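Given next are the chains, with one letter for each unit.
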Amino acid sequence: MEMKDSCSVILTAYHSYAQSRIHLVDEGYYRNEWYTSSKRNASVKVQYQGIDLLSRMSSRGTRPSPPPSPPERPASRDSQDSMEDYWSEVKNIEEDGQRGHEDLLERGSMDEAELEEAWLQDAGLSTLVSGALGEGPAEALLSTLTRSQAAMVKKRVDNYTLTVRKRSKQPTRHVRDIFSTPDTSVRQMCPPCPPPQDTSDSLSFEVPYSEGTTAHHRGRQGDCLDCQRIRRDDHDLPTFQLPRPKLGLTRIQDLSCEDMKKIGYISLIELTTFYDGLGIELKRNRAARSKARESGIFGVPLTTLLENDQKKFPGSKVPLVFRKLLSKLEQTGLQTEGILRVPGSASRVKHLRQELEQKLYEDRFDWEQVRHNDAAGLLKMFIRELPYPLLTLQHAPAFSAAQNISSPRQQIQALHLLIMLLPEPNRDTLKALLEFLRKVVAYEEKNRMGLWNVSMIVAPNLFTYRGKNAKQEEIQGAAGAAHLVRLLITYQDLLWTVPCFLISHVRKLNEAGASKKPPSSEKTKRKLLLMRRKTTEREKTERSGLTDLRQGVIRVHAPLHAKISMAIQLDNETKAKDVMARFDYENGRGTRNTSRRPRQYLFEVGGNIGERSLDPETHLLDVYHVNPHCEWVLKPTTT
């Protein structure tokens, strides 16, 4: 599919921030060969008695020795050969009681047609099965899909149609239905590889990830270099540097809620297409209908917590109790040895939990009484006891499947799309957690908690296993789950940046929707007439010479400034920060206390985007060419 107005990002090295750049040369993690061997030995029974489980699971082969640590390295417990912290955390969880959301999966058989219908609904394509094409975003969305994405949608619709037709007929039993066969829903396989290419670690934000699933690189022996990369460099993660595209970097919080909803539609279609190209069948869980608590702190859905918080603190995006616990740990616990790993007192944690339930919203809770390890225990308990998992129940299989992707580059791409798919409360809460974990790792010399330690502790709280084979699945997935947490911590800034191809897709979707969507009511017609009238007036103003768009002159509106409007001539070097600085200069002369004003950013509003806060390094002439009909507004961000 031709993409005319997208930007390109080639990542060659990534830095979270200068002060705490995470290097993993000496931080080990599991050996890939060893981990693969452990999956073949998943029948090992586990005893949590200080035994290194993975050493028992690798009995079929010789375990490679870990690289020696430098003599001046702090004695953090990052060991390539140990999952001790992981299983110690599992033991602590089991002693505290059951994990949350145990009964959310519906029992019995799942109707495949209903699952396909749910997928189509989440992808914004429910009208394909309701027969009401032309309503909603479906028709516009379909017109913007790539060839492979459209083929995936057709596959899902065909599967839905076939299943519905079979409902009224008695199915014929196949021999495979009589004799049990192993589940092959997740297959570790490398797609067909083309001739040798550049093997540098890079990601492109310009092209959909599904378009590159076959672009694996073969070595001289015919083996896949991408799939070998973890095995060769298993002591280090690839580093990426995020360059500045001319259209500017776009963080999730820079887009309007309406546009992020469309990003979710496209991301689900793209993720399914991406997994299909990797030979992974993307299954989704169906949640059972259950009534969750509507008041309290622990065991309450994130959406309910935020609704309650916003009554007292408007604009809250992360639950109050979660923010308070993180703040307590950041103030007093970052330099505490073994923070997160060393459990607090079970009796104290239980007492503190009861007090939080009773006193938090009344501002009567005494945070001074909370010790570091007790706060860490409460934080992990809060995550575990969410009635709906932080990573969501419906996307849990997709996160688990990412563990089995051989290429680290494609693992990051899968996680990138999954972050785009998370509901806003889940995504914001997860980001707050990851930012805190990055700070914990930055203080490794003091707290002896390296990246791998932190990942092992957090993984069993984020990833839960259910059913009669839960223990076996946890043994198989332990190292993979910890590795995913490791990727989330390391690449969080990248993962919360919206890929350019998704923004380009949204622009085309908005353009297609505007041209195809008919007025559905008198109110809509009146609104369209008002918009046309404003457009006509603006065109008259432009023709008068005040603003000539054809010559690259824009008018920036700044309602909170003394000078509320300014015409600016754009050239190839004009950036958003230049406009911001000019308004500050024009409005700052002769005034006092200008430093107290909230920081204001330049937005593109309307046209083919709902609203986007522009990165200060954005080249405005490029945005002008991509979205010539937008308005330019200077205002504070909502974050």
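Because the structure is a prediction, the values reported are computed rather than measured.

1. Section: the pattern of salt bridges
Evaluation of the coordinates by the stated rule reveals 20 salt bridges. Put simply, Lys-380 and Glu-89 hold a salt bridge, and the shortest N to O gap is 3.1 Å. Of this pair, Lys-380 sits in helix 14 (residues 372-384) while Glu-89 is found in helix 3 (residues 84-96), placing the two residues 291 residues apart along the sequence. Residues Glu-617 and Lys-577 are paired through a salt bridge, measuring 3.0 Å at the closest nitrogen-oxygen approach. Residue Glu-617 is found in the loop between strand 4 (609-613) and helix 25 (620-626), and its partner Lys-577 is found in helix 24 (residues 576-588); the two are separated by 40 residues along the sequence. Ionic contacts of the salt-bridge type, sharing partners, join the residues Lys-431, Glu-435, Arg-438 and Asp-493 into one network.

2. Here we look at the sheet that holds strand 4
One open sheet accounts for five strands, arranged 2-1-5-3-4; its pairing is mixed. Each edge of the open sheet carries a strand with a single partner, namely strand 2 (565-569) and strand 4. In this sheet, adjacent strand axes meet at a mean angle of 25° when their direction is disregarded. Bridge count between strand 3 (residues 600-606) and strand 5 (residues 631-636): six bridges; the pairing is antiparallel. Looking at the pairing, Tyr-601 lines up with Lys-635 of strand 5.

3. What about the packing of helix 4 (residues 112-122) against helix 7 (residues 147-167)?
One can describe the packing of helix 4 onto helix 7 by two numbers: an axis separation of 8 Å at closest approach and a directional angle of 150°. Judged by the sense of rotation from one axis to the other, the crossing of helix 4 with helix 7 is left-handed. Together, Glu-112, Ala-113, Glu-114, Glu-116, Glu-117, Trp-119 and Leu-120 of helix 4 and Val-153, Arg-156, Val-157, Asn-159, Tyr-160, Thr-163, Val-164 and Arg-167 of helix 7 make up the contact between the two elements. Grouping the amino acids of the contact of helix 4 with helix 7 by side-chain chemistry returns seven nonpolar, two polar and six charged.

4. Some points on the packing of aromatic side chains
One pass over the full model with this rule turns up seven aromatic pairs. With centroids separated by 6.2 Å and ring planes inclined at 40°, the aromatic side chains of Phe-274 and Tyr-275 adopt a geometry described as tilted. Summarising the burial analysis for this pair, Phe-274 and Tyr-275 share the class buried. Of the aromatic side chains, those joined through ring pairs into one cluster are Tyr-209, Phe-274, Tyr-275 and Phe-501. Positioned above the aromatic ring of Tyr-601, the side-chain terminus of Arg-599 is 5.6 Å from the ring centre. Against the face of Phe-603 rests Lys-635, its NZ or CZ located 4.8 Å from the ring centre.

5. Here we look at the pairing of strand 4
Bridge analysis of strand 3 against strand 4 gives four bridges, and the strand direction is antiparallel. Note that in strand 4 the partner of Val-605 across the bridge is Glu-611. Between strand 3 and strand 4, which pair antiparallel one after the other, the connecting turn spans two residues, and Gly-607 there sits at a positive phi close to 75°.

6. Quick word on the environment of Glu-116
Within the secondary structure, Glu-116 is located in helix 4. Separated by 168 residues in the primary sequence, Glu-116 and Arg-284 place their C-alpha atoms 9.4 Å from one another.

7. As for helix 16 (residues 408-421)
With 14 residues, helix 16 should reach 20 Å at 1.5 Å per residue; the first-to-last C-alpha distance of 20 Å fits that figure. Counted residue by residue, helix 16 has 14 buried out of 14 residues, so it is predominantly covered.

8. A few points about unusual backbone geometry
Apart from glycine, the bulk of residues carry a negative phi angle, and the bulk of peptide bonds sit in the trans form. Notably, Leu-340 is not glycine yet its phi reads approximately 80°, a positive angle. Mapping Leu-340 onto the fold places it in the loop between helix 12 (320-332) and helix 13 (346-359). The backbone of Thr-392 shows a phi angle near 70°, a positive value even though the residue is not glycine. Tracing the backbone through its elements, the reader meets Thr-392 in the loop between helix 14 and helix 15 (396-402). In this structure Thr-392 comes out as buried when scored by relative accessible area, which is 5%.

9. Brief notes about the side chain of Gln-492
Inspection of the secondary structure assignment puts Gln-492 in helix 21 (residues 492-495). What makes Gln-492 buried here is its relative accessible area of 0%.

10. So, the environment of Ala-402
Secondary-structure assignment places Ala-402 in helix 15. Put simply, Ala-402 and Leu-418 are 16 residues apart on the chain and 9.8 Å apart in space, counted from C-alpha to C-alpha. If sequence neighbours within four positions are ignored, Ala-402 has contacts with Tyr-275, Gln-411, Ala-414 and Leu-484.

11. Looking at the pairing of strand 5
Inspection of the sheet shows strand 1 (residues 553-557) paired to strand 5 by two bridges, in the parallel sense. Residue pairing for strand 5: Val-556 is matched across the bridge by Trp-632.

About the criteria used
Residues numbered from 1 in each chain as written. Predicted model: local features only at pLDDT ≥ 70, side-chain atom pairs only at ≥ 80, totals over all residues. Heavy atoms only, no water. Salt bridge = Lys/Arg side-chain N within 4 Å of Asp/Glu carboxyl O. Helix = DSSP H or I, 4+ residues; strand = E, 2+ residues; numbered from the N terminus. Pairing = 2+ DSSP bridges. Axes fitted to C-alpha atoms, helices over the stretch in contact; angles between N-to-C directions. Left-handed = near helix turned anticlockwise from the far one by under 90°. Contact = heavy atoms within 4.5 Å. Nonpolar A, V, L, I, M, F, W, Y, C, P; charged D, E, K, R; others polar. Phe/Tyr/Trp six-rings, centres within 6.5 Å; stacked < 30°, edge-to-face > 60°. Buried < 20%, exposed > 50% of the residue type's maximum accessible area, 1.4 Å probe, protein only. Lys NZ or Arg CZ within 6 Å of the ring centre and 35° of its normal. Expected span 1.5 Å × (residues − 1).

Bear in mind that shape data such as this cannot, by itself, settle questions of function.
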